[in-house]
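Structural overview for review
Below, each chain spelled out in residue letters.
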Amino acid sequence: MRKWENNIRKVMPYTPGEQPQKAGVIKLNTNENPYPPSPRFARLLEEMQSGDLRLYPDPDAGSLVNAIADYHGLLPEQVFVGVGSDDVLAMAFLTFFHSSKPILFPDVTYSFYDVWADLFGIPYERPALKADFTIAPEDYYRENGGVVFPNPNAPTGIALELPAIQDILEHNRDCVAIVDEAYVDFGADSALALIDRYDNLLVVRTFSKSRSLAGLRVGYAMGNPLLIKYLNDVKFSFNSYTMNQPSLYLGSRAMEDEAYFQETLRKIVNTREWAKEELKKLGFIFTDSKTNFLFARHPDYPAREIFEALREADIFVRYFDKDRIRDYLRITVGSQEEMDALIRFLKNYTHGR
Ligand SMILES: *Cc1c(COP(=O)(O)O)cnc(C)c1O
């Protein structure tokens, strides 16, 4: 080891899902939306003024903040925006988790949480999900430096109902609690209605999954204006211009086509429920996902082998070689045609051996 390496911050980075560069693959590995954003986007892209790129973007991201606040019936002071919800969550960890007590998040959850905690030197404990992969609210009653969990949880897809979320909040009045609602639009209860009652609750959302805009990188947080002020103080101590001009413009117009949004959600939920029926016929065991992905295992075939066989056939799903979940595959709900191809492959795979 070179001497200067002693002075370096060494981290174990998050591993994003593969983005195969080859055309024609069926990509069910990163929970992207199979449907494009509203056809109105074609015109918005044309209307964008390239001359605007000469200037720094609005550091307050006002147009986007206002559009999100309007959509949810909130004040702009209750909204914070970032470069995808990963940026928002990272800022939130840095801002709110500054105690010597451990923060709490589930043992099986979004695998960026422990990466940020390690990066920022935040102590953490990971209460184990129950055997059925549900969160036990009682595990979050203990003293802590903050709480964070996705609802629905990832990669399990299981949602907590509002009373259980409220139970966790009731037992955590002295720290900040973050609910990561990356998948909430696909059919779970939102904690948004609770932000007026709990001034320490931050609800985080993203345009990446339900709104088909993973490439735009827009995420946001909603909460009490004091929480949002603290978040902005950290953001402005880090980078004034997190949001680029095209993201501000397109993001601020992204919520105009509500009918299209609802239609794509409906299609994905229908395909998800159809895929559950088909997987059941093939002997798969899976959670009751309320998201745009399935979390499934087969009692007769190791998940890693199915994963590799699918990959050979240019069907990409996600496999996590981690305790408790290495028997499972996480399969994004694609279009009906993509899921037809997946089920056809799995039918052959499970019957043909
Ligand atoms: C996808 C995802 C995110 C981050 O998505 P962005 O594209 O950065 O908005 C955050 N949390 C969970 C649980 C996710 O699955």
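This text follows the structure it describes.
I will try to describe carefully the structure that is included in this document. (Residues numbered from 1 in each chain as written. Predicted model: local features only at pLDDT ≥ 70, side-chain atom pairs only at ≥ 80, totals over all residues. Heavy atoms only, no water.)

Take the sheet that holds strand β9 (residues 285–286) next. Within the open sheet, the four strands sit side by side as β9-β10-β13-β12. Their pairing is antiparallel. Edge positions in the sheet fall to β9 and β12 (318–319), since each has one partner strand and no second. As defined by bridge partners, strand β10 (residues 293–297) adjoins strand β13 (residues 329–332) across four bridges and the pair is classed as antiparallel. Bridge pairing in β13 places leucine 294 opposite isoleucine 331. (Pairing = 2+ DSSP bridges. Helix = DSSP H or I, 4+ residues; strand = E, 2+ residues; numbered from the N terminus.)

With that settled, consider the site of the ligand. Close to the ligand lie Gly84, Ser85, Asp86, Leu89, Tyr110, Asp180, Ala182, Tyr183, Thr206, Ser208, Lys209 and Arg217, which account for all nearby residues. Tyrosine 183 is positioned with one of its side-chain polar atoms (N or O) 2.6 Å from an oxygen atom of the ligand. Compared with its free state, where it exposes 380 Å², the ligand has 92% of that area covered by protein. Spatially, the ligand is embedded in the largest pocket. Here the shell around the ligand gets four residues from one element, more than from any other, and that element is helix α3 (residues 84–96). Taken together, the residues that form the shell around the ligand break down as four nonpolar, four polar and four charged. (Near = heavy atom within 4 Å. Polar contact = N/O pair within 3.5 Å; in protein donor to acceptor, adjacent residues only side chain to side chain. Areas by Shrake-Rupley, 256 points an atom, 1.4 Å probe, with all protein chains shown as cover. 1 Å grid on protein atoms, 1.4 Å probe; cavity = no way out; pocket = protein on both sides within 12 Å on 5 of 7 lines; lining within 4 Å. Sits in = over half its atoms within 2 Å of the grid points. Nonpolar A, V, L, I, M, F, W, Y, C, P; charged D, E, K, R; others polar.)

Taking burial as the measure, the six residues of strand β7 (residues 201–206) include six buried ones, the bulk of the element. Side chains of β7 alternate between two faces, with Leu201, Val203 and Arg205 and Leu202, Val204 and Thr206 buried alike. Where strand β6 (residues 177–180) lies against β7, four bridges are found, and the strand directions are parallel. Bridge pairing links valine 179 to valine 203 in β7. For β7 and strand β8 (residues 219–222), the ladder comprises four bridges, and the chain directions are antiparallel. If you follow valine 204 over to β8, its bridge partner there is alanine 221. (Buried < 20%, exposed > 50% of the residue type's maximum accessible area, 1.4 Å probe, protein only.)

Our next topic: the layout of surface pockets. Gaps left between atoms show up when a probe the size of a water molecule is rolled over them. When its volume is computed, the largest pocket comes out at roughly 760 Å³. Surrounding the largest pocket, 38 residues form its lining, Tyr14, Tyr110, Lys209, Arg318 and Arg330 being those nearest its centre. Breaking the lining of the largest pocket down by element, the ones donating at least two residues are α3 and α4 (113–120). Counting contributing residues, the lining of the largest pocket receives three or more from each of domain 1 (17–37 + 258–351) and domain 2 (49–253). Of the pockets and cavities examined, the second largest pocket occupies roughly 420 Å³. In terms of lining residues, the second largest pocket is bounded by 20 residues, among which Thr15, Ser111, Arg318, Phe320 and Lys322 are the most central. Of all the secondary structure elements, the ones that give two or more residues to the lining of the second largest pocket are α4 and β12. In terms of residue count, α4 provides more of the lining of the second largest pocket than any other element does, three residues in total. Residue classes in the lining of the second largest pocket are distributed as ten nonpolar, four polar and six charged. Each of domain 1 (17–37 + 258–351) and domain 2 (49–253) contributes no fewer than three residues to the lining of the second largest pocket. (Points joined across faces, edges and corners; volume = space filled by probe spheres on them. Domains from an automatic or database assignment.)

Considering all chains together, one arrives at two cavities of 30 Å³ or more under this definition. Taken as a whole, the largest cavity encloses approximately 100 Å³ of empty space. With three residues, the single largest contributor to the lining of the largest cavity is helix α8 (residues 258–281). Across the lining of the largest cavity, the residue classes tally to six nonpolar, four polar and two charged. As for the second largest cavity, its lining consists of Ser38, Arg40, Phe41, Leu44, Arg253, Ala254, Glu256 and Asp257. At three residues, helix α1 (residues 40–47) tops the list of elements feeding residues into the lining of the second largest cavity. Residues belonging to the lining of the second largest cavity are distributed by class as follows: three nonpolar, one polar and four charged.

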